[in-house]
Amino acid sequence: DAGVIQSPRHEVTEMGQEVTLRCKPISGHNSLFWYRQTMMRGLELLIYFNNNVPIDDSGMPEDRFSAKMPNASFSTLKIQPSEPRDSAVYFCASSLGWEFSPEAFFGQGTRLTVV
Amino acid sequence: GNSVTQMEGPVTLSEEAFLTINCTYTATGYPSLFWYVQYPGEGLQLLLKATKADDKGSNKGFEATYRKETTSFHLEKGSVQVSDSAVYFCAFNTNAGKSTFGDGTTLTVKP
């Protein structure tokens with residue numbers, strides 16, 4: 001398997017623009033997580049899905065952020081409108097079966113810069 | 001609430017030195033414990049894990065033992081290499097499915 005695939009790897013956008021980050025989890029994994037990593041706040045869980053259903057979105061910073069998982073092989077994280085403070089590395093991760101506390105497999109991340 | 005406390009960095013060692021990175025956790029239930037490693041420009045990847053008390057996880061010369069009585073999972077390696085330079089994260093999850101991560105410890109190994 002190719003692992004968790006994220007796109008784009010880098011994104012530079014102007015303040016106010018819409019940004020969409022994409023993630024393809026490992027085939028067969030039924031849990032998907034979106035994280036944000038910054039120097040100031042470290043690794044933060046934004047939202048996670050189980051069987052394509054959002055289970056916990058308490059980490060989503062505000063209404064400008066939204067995430068969807070229309071099917072088992074694809075998820076998006078959208079920021080609209082973007083702000084400079086959204087600049088961070090965004091990671092998607094997937095895991096197999098949330099009942100058994102498995103490890104997470106991370107993608108390589110999307111480095112977002114909002115200018 | 002759930003939390004992970006790991007040794008603050010950065011940690012700088014000479015090649016072949018002994019490494020310890022301390023990690024303690026606060027969790028409800030009976031968590032599984034993990035160490036992840038992040039190399040520059042990459043995502044986190046699993047280094048080792050332990051799922052029950054007294055289990056020892058090991059990989060690439062790194063080891064950690066699940067100590068339920070002290071709620072700890074300290075990472076050790078007997079002889080570090082320059083290629084071990086990375087950020088190390090301690091984490092746990094419970095059967096709620098969500099992982100809790102520590103703040104990460106940056107390790108730099110000098111030749």
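Located above this text is the structure these notes cover.
Residues numbered from 1 in each chain as written. Chains lettered and ligands numbered in written order. Predicted model: local features only at pLDDT ≥ 70, side-chain atom pairs only at ≥ 80, totals over all residues. Heavy atoms only, no water.

Chemist: How should the nonpolar core be read in this particular structure?
Modeler: Residue and element names in this part refer to chain B. Of all hydrophobic cores here, the largest spans 25 residues; its most connected members are Trp35, Leu47, Leu48, Phe73, Leu75 and Tyr88. Among the elements of the structure, strand S2 (11-14), strand S3 (19-21), strand S4 (23-26), strand S5 (32-38), strand S6 (44-50), strand S8 (62-65), strand S10 (86-93) and strand S12 (105-110) are those that each provide at least two residues to this core. With four residues, the top contributor of residues to this core is S10. When neighbours within four sequence positions are excluded, Leu48 is seen to be in contact with Leu33, Phe34, Trp35, Gly57, Ser58, Asn59, Phe62, Glu63, Ala64, Phe73 and Leu75. (Core = buried A, V, L, I, M, F, W, Y, C linked by side-chain atoms within 4.5 Å. Buried < 20%, exposed > 50% of the residue type's maximum accessible area, 1.4 Å probe, protein only. Helix = DSSP H or I, 4+ residues; strand = E, 2+ residues; numbered from the N terminus. Contact = heavy atoms within 4.5 Å.)

Chemist: Explanation requested: the sheet that holds strand S9 (residues 75-77) of chain B in the structure shown.
Modeler: The pairing of strands in a sheet comes from backbone hydrogen bonds and takes either a parallel or an antiparallel form. Residues and elements named next belong to chain B. Read from one edge of the open sheet, four strands run S3-S9-S8-S7, paired in antiparallel fashion. Unpaired on one side and paired on the other, S3 and strand S7 (56-59) mark the two borders of the sheet. Neighbouring strand axes in the sheet, compared pairwise and without regard to direction, differ in orientation by 15° on average. Two elements, S8 and S9, share three bridges in a ladder whose sense is antiparallel. Considered in S9, the bridge of Phe62 is made with Lys77. (Pairing = 2+ DSSP bridges. Axes fitted to C-alpha atoms, helices over the stretch in contact; angles between N-to-C directions.)

Chemist: It is not clear to me how the interface of chain A and chain B should be interpreted in this structure. Could you clarify?
Modeler: By a widely used convention, the size of an interface equals the accessible area lost when the partners come together. Contact residues are listed per partner, giving 18 residues for chain A and 19 residues for chain B. Roughly 1,500 Å² of surface becomes buried between chain A and chain B when both sides are summed, with 51% attributable to carbon and sulfur atoms. For the pair chain A and chain B, the interface holds one salt bridge. For the pair chain A and chain B, the number of links is four residue pairs in polar contact (both at pLDDT 80 or more). Elements with a contribution of two residues or more to the side of chain A that touches chain B: strand S4 (31-38) and strand S5 (42-50) of chain A. (Buried area = accessible area lost by both parts, 1.4 Å probe. Salt bridge = Lys/Arg side-chain N within 4 Å of Asp/Glu carboxyl O. Polar contact = N/O pair within 3.5 Å; in protein donor to acceptor, adjacent residues only side chain to side chain.)

Chemist: What am I meant to see in the side chain of Gln38 of chain B here?
Modeler: Inspection of the secondary structure puts Gln38 of chain B in strand S5. You can call Gln38 of chain B buried: its relative accessible area is 9%. A distance of 3.0 Å separates polar atoms of two side chains, one belonging to Gln38 of chain B and the other to Gln37 of chain A. Separated by 2.9 Å, the side chain of Gln38 of chain B and the backbone oxygen of Glu42 of chain B make a polar contact.

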